[in-house]
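Examining the three-dimensional arrangement
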Amino acid sequence: EVLTQVFGGFRTTKDGANIEEKWITRHRPRKHDLNFGIFGGVFFTDSEIELRDSTVAIDDWDEIAPEIGLRLGYYPLQHFGLEGEFGAIPTRNGGDSAFIYTGRASAVIQPGFWSITPFLVAGGGVLAVASPDSVVGNEADPALHAGGGVKFFLNDRVHLRAEARAVLSPKLGVTQTPAVSPEALLTVAFRFGVAPKPVVEPPPPDKDGDGVPDDVDHCPFDAGSKDYDGCPVPDSDCDTVADDVDK
């Protein structure tokens, strides 16, 4: 019973019947999910990224920088969603502080059948930097991203998300090859717009179907009347007219 409570559950059908449901499908994505997430991770800055004021001399970026941000998503279908996010990446260039930030929109595709759900994500936006003129100045470049990961639905309201992406942005010099900056992110997301699934207790057993539960039915194998504790209405004078209507 304890294992059933932890790993199992019930799915309620339209007619009110309960069907036991395994944990792997108990908290899966649903239509019209609205998600709000807080994410953190690491950003691996491409050494040749062209993220600087063109008048500033080139210097080296820190190869690894922390990243934090917020994400809002809407999933009109359990298999497809749209997301918008803002990320902040405090880092250094040539030993001096610089602040990289990004705003972007994404499309997400996922199977949506299980509590553990893999997904693919792709989109675009802006990758920008803010710093003193003596560092890299201020600059904003278009950027694309693509990647994938997996979601772990802990319950109907909260899920964890782990993913890896490649961020493509302009590269130093005249080239058609973009700079590629990988990132790894972990998200805690809160899901809204999902009503808790109703839990309907299964009806007590009633073998003879007379509406009197077996535990109080004095005649559990013969359909009867509630007024006679579940037993058939007697016919004391054997005239085929039941006592309850026999005058």
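Whatever comes next refers back to the structure up there.
Calculation criteria
- Residues numbered from 1 in each chain as written.
- Predicted model: local features only at pLDDT ≥ 70, side-chain atom pairs only at ≥ 80, totals over all residues.
- Heavy atoms only, no water.
- Disulfide = S-S within 2.5 Å.
- Helix = DSSP H or I, 4+ residues; strand = E, 2+ residues; numbered from the N terminus.
- Phe/Tyr/Trp six-rings, centres within 6.5 Å; stacked < 30°, edge-to-face > 60°.
- Lys NZ or Arg CZ within 6 Å of the ring centre and 35° of its normal.
- Core = buried A, V, L, I, M, F, W, Y, C linked by side-chain atoms within 4.5 Å.
- Buried < 20%, exposed > 50% of the residue type's maximum accessible area, 1.4 Å probe, protein only.
- Pairing = 2+ DSSP bridges.

Our next topic: the state of the cysteines. Within the structure shown, the criterion is met by 1 disulfide. Two residues share a disulfide in this structure: Cys219 and Cys231, whose sulfurs sit 1.9 Å from each other. Since a negative S-S torsion denotes a left-handed disulfide, the Cys219-Cys231 link at about 85 degrees is right-handed. One end of the pair, Cys219, is in the segment after strand S10 (179-192); the other, Cys231, is in the segment after S10, and 12 residues separate them in sequence.

What follows deals with the packing of aromatic side chains. Per the stated rule, a full pass over the model turns up 3 aromatic pairs. Taken together through their ring pairs, the aromatic side chains of Phe86, Phe99 and Tyr101 make up a single cluster. The ring centre of Phe119 lies 5.5 Å from the NZ or CZ of Lys151, which sits over that ring.

Here we take up the nonpolar core. The biggest cluster of nonpolar side chains holds 15 residues, and the ones touching the most others in it are Ile49, Leu51, Trp61, Ile100, Leu127 and Val129. For this core, the elements supplying multiple residues, two or more each, are strand S6 (96-109) and strand S7 (116-130).

Covered by surrounding structure in S10 are Ala179, Ser181, Glu183, Leu185, Thr187, Ala189 and Arg191 only, the residues Val180, Pro182, Ala184, Leu186, Val188, Phe190 and Phe192 on the alternate face being uncovered. For strand S9 (residues 158-169) and S10, the ladder comprises 12 bridges, and the chain directions are antiparallel. Within the sheet, the bridge partner assigned to Ala164 lies in S10 and is Ala184.

What follows is about the pairing of strand S8 (residues 139-153). When S7 meets S8, the two strands line up antiparallel, connected through 14 bridges. Bridging across to S8, Phe119 finds its partner in Gly149. Bridge count for S8 against S9 is 10 bridges, and the pairing is antiparallel. Following the sheet pairing, Phe152 is matched in S9 by Leu160. In this structure, the hairpin formed by S8 and S9 is closed by a connection of 4 residues.

The values are spatial; any link to function lies outside them.
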